[in-house]
Amino acid sequence: MTIINYDQRLVKSKNPYPKGPNDWKRFFSFNTDAKVIGIQYIVTALFFLLLGGLLGMLVRGELITPPSDLFDPTVYNGLYTMHGTVMLFLFLFPMLSGLTNLLVPPMIGAPDMAFPKLNALAFWLVPVFSIILLLSFFVPGGPASSGWWSYPPISIQNPLGKMINGEMLWITAISLSGISSIMGAVNFVTTIIRMRAPGMGFFKMPIFIWTVLAAQLLQLLGLPALTGGAIMLFFDLSFGTSFFRIEGGGDPVLFQHFFWFYSHPAVYVMVLPVFGIFSELFPVYARKPLFGYKFVAVASFGITILSLVVWVHHMFYTGTPMWMRNLFMFTTMLIAVPTGVKVFAWIATLWGGNLRLSTPMLFCLGGLFNFIFGGITGVMLATVPVDIHVGNTYFVVAHFHYIIFNTIAFGIFAGIYHWFPKFTGRMFYEGLGKVHFALTFIGATLNWLPLHWAGLLGMPRRVASYDPEFAIWNVIASIGAFILGVASIPFILNMVSSWVRGKAAPPNPWKAIGLEWLLPSPPPHENFEDDIPTVLNEPYCYGLDKPFVQDEQFYIDKSFKKH
Amino acid sequence: MLSENKSPTINHTPGHVKHDGHNMTGFIIFLCSESIIFFAFFVGYGILKVTAPVWYPEGIDGIAVKEPLINTVILVSSSFVIYFAEKSLHKKNLWGFRSIWFITMLMGSYFVYGQYIEWSELSFSLQSGVFGGMFYLLTGFHGLHVITGILLMGLMLYRSFLPNNYKGGEMGVESVSLFWHFVDVIWIILFVLIYLWQ
């Protein structure tokens with residue numbers, strides 16, 4: 001069973017924050033401290049997780065019966081479009097930016113990000129574009145309804161002829177989100193390249209830092225292509241150009257290339273940091289060194305490079321020539337190699353380890369299990385004949401939810417629980433965490449596992465009504481979705497009550513190795529300030545006689561002192 | 001692990017790292033990313049040009065090259081001029097820097113003026129088929145970058161009059177100069193694509 005030995009030298013202070021009770025105000029200000037910005041991002045993102053989840057449950061509520069009875073089909077189109085957009089651009093990207101902001105400076109021993117003001121600006125764009133996106137519910141004609149990928153010609157139809165319409169607000173919001181992400185990416189990459197602790201060469205960086213670097217480089221390389229496509233789409237919609245209009249000599253498939261050139265790598269932008277979280281957490285909770293550290297690190301860049309040349313696998317059924325299909329089928333399948341390296345490294349890390357099944361570890365194990373399943377259906381979808389058969393069915397929906405929720409969101413929850421004591425200075429309630437995990441795992445499995453069958457039987461996605469033969473799968477899926485909704489209650493309860501009145505956290509409650517665990521909980525304003533440790537080894541030497549930093553004991557003692 | 005009684009020898013690494021030192025790195029990363037938008041537009045231009053059934057709008061079978069060529073020569077040579085401005089700043093020749101820098105600004109402004117004249121004399125518009133859209137999108141997006149560059153140069157010119165401005169290095173001037181070279185290279189590709197490949 002899980003027994004966590006808290007360190008005896010607990011910090012007894014009632015309020016772990018130095019500045020007193022009014023301190024919460026800094027979370028509502030233009031604060032340039034990466035730790036404040038990180039929490040701003042995460043809390044904002046969790047709010048949008050609830051909103052996106054609500055939209056998702058409305059979609060599932062409609063689909064619980066075959067006819068379209070709950071909503072008008074037009075409203076349904078708006079609902080799934082906004083569900084996808086909110087979840088991707090308002091929940092996942094801000095959430096991962098938040099985790100990255102919190103973790104990168106302490107993990108590499110930097111006092112802050114390289115450009116703190118740019119960092120704050122990038123965050124404050126999030127509420128701006130969120131409001132723009134949500135306002136589209138209230139404009140005539142309703143929100144964007146052409147799916148989160150916004151393919152022309154559907155997306156450039158403007159039936160009401162109004163200058164400000166749902167689609168126009170959608171494109172504006174997405175472009176602003178892109179600007180915010182680019183600001184973040186410039187900041188993260190510069191920070192990682194320039195501000196690492198002495199001795200921390202590339203092959204001594206934590207895997208999370210490797211994956212963040214890989215993911216943010218991918219943002220820098222891919223995102224501008226989407227921005228370019230979005231600008232052209234905007235011109236087509238609002239200024240009467242015909243880049244993507246067939247009747248004006250344009251080419252709608254060109255937009256699909258722009259869109260997927262970024263939006264496929266975007267999946268890796270989201271999943272790579274989660275791979276990083278898995279790689280950080282498995283060694284801690286298995287008490288073993290990470291298996292094949294260097295291979296896991298380099299595999300991140302293998303994924304980055306390959307993911308830039310796979311985008312056409314989303315377009316196998318949109319009139320791509322045969323040579324292109326074969327080429328992209330091959331490159332897509334190649335991605336299974338670096339990903340497989342990581343999966344085998346994690347399993348080898350777990351093998352024979354002394355597993356502690358606490359909440360973060362449960363989320364990691366659940367996420368890994370789901371990722372293997374989602375990866376296998378991914379390889380199925382990469383196969384051209386299978387894809388042409390099941391493309392645009394619920395099989396695809398089930399596959400990407402297995403990656404995006406059952407893997408990425410699981411990894412995010414694992415990360416939130418794991419680093420919660422470090423950045424709030426409070427322990428969370430283990431029991432509530434386990435309830436959250438159980439409900440999430442059951443709900444997610446019930447929600448998306450049956451949809452694979454519905455998809456293989458031919459149920460098309462994005463339609464409000466369906467043939468009664470698919471009813472059973474949809475009823476199970478909807479029940480799963482509502483369980484997922486319920487799962488948010490123990491989570492919110494846990495986060496809020498632990499943060500307000502949880503037990504004070506010691507500097508290193510999980511006995512983990514890593515620069516962030518050599519800091520007090522919560523870390524002081526500029527992390528290590530003038531005493532940055534000199535790194536000697538990679539942070540995974542559990543049970544080995546290899547010191548992590550020079551004079552480790554000095555920093556451990558220091559981390560217990562009040563700041 | 002070290003034993004407790006051993007006195008620690010701590011390397012005092014300055015934690016308050018000067019943020020200015022990273023500006024150039026960040027700016028180069030940003031420019032690489034920015035060039036991808038142009039790359040996307042260029043690829044889009046190429047694909048549409050090769051595949052579109054009708055390329056030029058009705059009544060037009062090409063665009064004049066002569067005036068844009070003069071414009072190009074001026075913009076490209078301003079890239080050399082700005083190099084000398086930067087060089088005089090390295091030699092602490094402040095007035096030399098200011099005057100050559102100002103000449104670069106004038107050359108950039110002439111380019112924008114030339115672009116404006118060209119736009120106002122064209123017989124097709126943004127809505128004139130794929131070519132019309134692409135032409136105004138590319139030249140307009142590049143023109144925005146030129147205007148940004150001139151404004152940034154103006155800011156650097158203003159800052160050169162502030163006391164102690166170059167104490168922490170000449171990052172600002174170097175970054176703007178790099179941006180100007182970037183705008184230049186983009187224009188050369190654009191010129192080849194739009195004007196020479198007809």
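Conventions and cut-offs
- Residues numbered from 1 in each chain as written.
- Chains lettered and ligands numbered in written order.
- Predicted model: local features only at pLDDT ≥ 70, side-chain atom pairs only at ≥ 80, totals over all residues.
- Helix = DSSP H or I, 4+ residues; strand = E, 2+ residues; numbered from the N terminus.
- Buried ≥ 20, exposed ≤ 12 C-beta atoms within 10 Å, placed from the backbone.
- Contact = placed C-beta atoms within 7 Å.
- Core = buried A, V, L, I, M, F, W, Y, C linked by C-beta atoms within 7 Å.
- Nonpolar A, V, L, I, M, F, W, Y, C, P; charged D, E, K, R; others polar.
- Expected span 1.5 Å × (residues − 1).
- Axes fitted to C-alpha atoms, helices over the stretch in contact; angles between N-to-C directions.
- Parallel < 35°, antiparallel > 145°, perpendicular 65-115°, else oblique.
- Left-handed = near helix turned anticlockwise from the far one by under 90°.

**Student:** Sorry if this is basic, but what is going on with the overall build of chain B here?
**Tutor:** Scanning chain B from N- to C-terminus turns up 5 helices and 0 strands. Put simply, chain B runs from its N terminus to its C terminus through helices and strands in the order α-α-α-α-α. Burial statistics for chain B: of 198 residues in total, 31% are counted as buried. A sequence separation of at least 24 residues applies to 80% of the contacts in chain B between residues at least 6 apart.

**Student:** Mind showing me how you'd approach the nonpolar core here?
**Tutor:** Across soluble globular proteins, you tend to see nonpolar side chains buried next to one another. All names here are of chain A. Ranked by size, the top nonpolar core spans 218 residues in total, and within it I108 and I209 carry the most contacts. Tallying contributions element by element places helix α6 (residues 252–286) first for this core, with 21 residues. Each residue touching I209, except ones within four places of it in the same chain, is listed here: V104, M107, I108 and I192.

**Student:** How do you make sense of the interface of chain A and chain B when you look at a structure like this?
**Tutor:** Frequently, the measure chosen for interface size is the accessible area that the parts lose on association. Each side of the interface is counted separately: chain A has 43 residues, and chain B has 39 residues. The leading source of residues in the side of chain A that touches chain B is helix α5 (residues 207–238) of chain A, at 9 residues. Split into classes, the residues belonging to the side of chain A that touches chain B amount to 23 nonpolar, 12 polar and 8 charged.

**Student:** Can you help me understand the environment of V75(A) in this one?
**Tutor:** Residue and element names in this part refer to chain A. Secondary-structure assignment places V75 in helix α2 (residues 73–108). Note on V75: 16 C-beta atoms within 10 Å, which makes it partly exposed. For V75 and S145, which are 70 residues apart along the polypeptide, the C-alpha to C-alpha distance reads 8.1 Å.

**Student:** Please clarify how the environment of A504(A) should be interpreted in this entry.
**Tutor:** Relative to the elements of secondary structure, A504(A) occurs in the loop between α14 (471–501) and α15 (552–560). Separated by 81 residues in the primary sequence, A504(A) and F423(A) have C-alpha atoms spaced 11 Å apart.

**Student:** I'm lost on helix α3 (residues 116–135) of chain A in this one. Help?
**Tutor:** Residue pairs spaced three or four apart in an α-helix point in one direction, given the helix's 3.6 residues per turn. Compared with an ideal rise of 1.5 Å per residue, which puts 20 residues at 28 Å, α3(A) spans 30 Å between its outermost C-alpha atoms and is within 8% of the ideal. On the buried face of α3(A), the contacting elements are α1 (34–63), α2 and α4 (166–194) of chain A.

**Student:** Help me understand the packing of α6(A) against helix α10 (residues 359–382) of chain A in this model?
**Tutor:** All names here are of chain A. For the pair α6 and α10, interaxial distance at closest approach is 10 Å and the crossing angle is 125°. In terms of orientation, α6 lies oblique with respect to α10. When the axes of α6 and α10 are compared, the crossing they make is left-handed. Listed contacts from α10 to F278, L281, F282 and Y285 of α6 are P360, M361, C364, G367 and L368. Along the lines of polarity and charge, the residues of the contact of α6 with α10 split into 8 nonpolar, 1 polar and no charged.

**Student:** Explain the packing of helix α4 (residues 129–159) of chain B against helix α5 (residues 171–196) of chain B to me, please; I cannot follow it from the model alone.
**Tutor:** Each pair of packed helices can be described by the angle between their axes along with the distance between the axes. Residues and elements named next belong to chain B. Two elements in contact, α4 and α5, have axes separated by 10 Å at closest approach and are oriented at 160°. Considering the angle they form, α4 stands roughly antiparallel to α5. Like other packed secondary-structure pairs, α4 and α5 cross with a definite hand, here left-handed. Between α4, through F135, L138, H142, H145, V146, G149, L152, M153, M156 and R159, and α5, the contact on the second element is made entirely by G172, V173, V176, F179, W180, V183, I186, W187, L190 and I194. Here the residues of the contact of α4 with α5 sort into 15 nonpolar, 4 polar and 1 charged.

**Student:** I tried to follow unusual backbone geometry on my own but got confused; where do I start?
**Tutor:** Excluding glycine, a negative phi dihedral is what most residues carry, and trans is how most peptide bonds are arranged. Residue and element names in this part refer to chain A. A cis geometry characterises the amide bond from P152 onward to P153, with omega recorded as 5°. Along the polypeptide, P153 turns up in the loop between α3 and α4. Note that the residue after S521, namely P522, is joined by a cis bond; omega there is -10°. Tracing the sequence through the fold places P522 in the loop between α14 and α15. Positive phi is not limited to glycine here, since N392 has a value of about 60°. Summarising the element assignment, N392 is placed in the loop between α11 (384–390) and α12 (394–424). Of note in the backbone geometry, R462 takes a positive phi value of approximately 65° without being a glycine.

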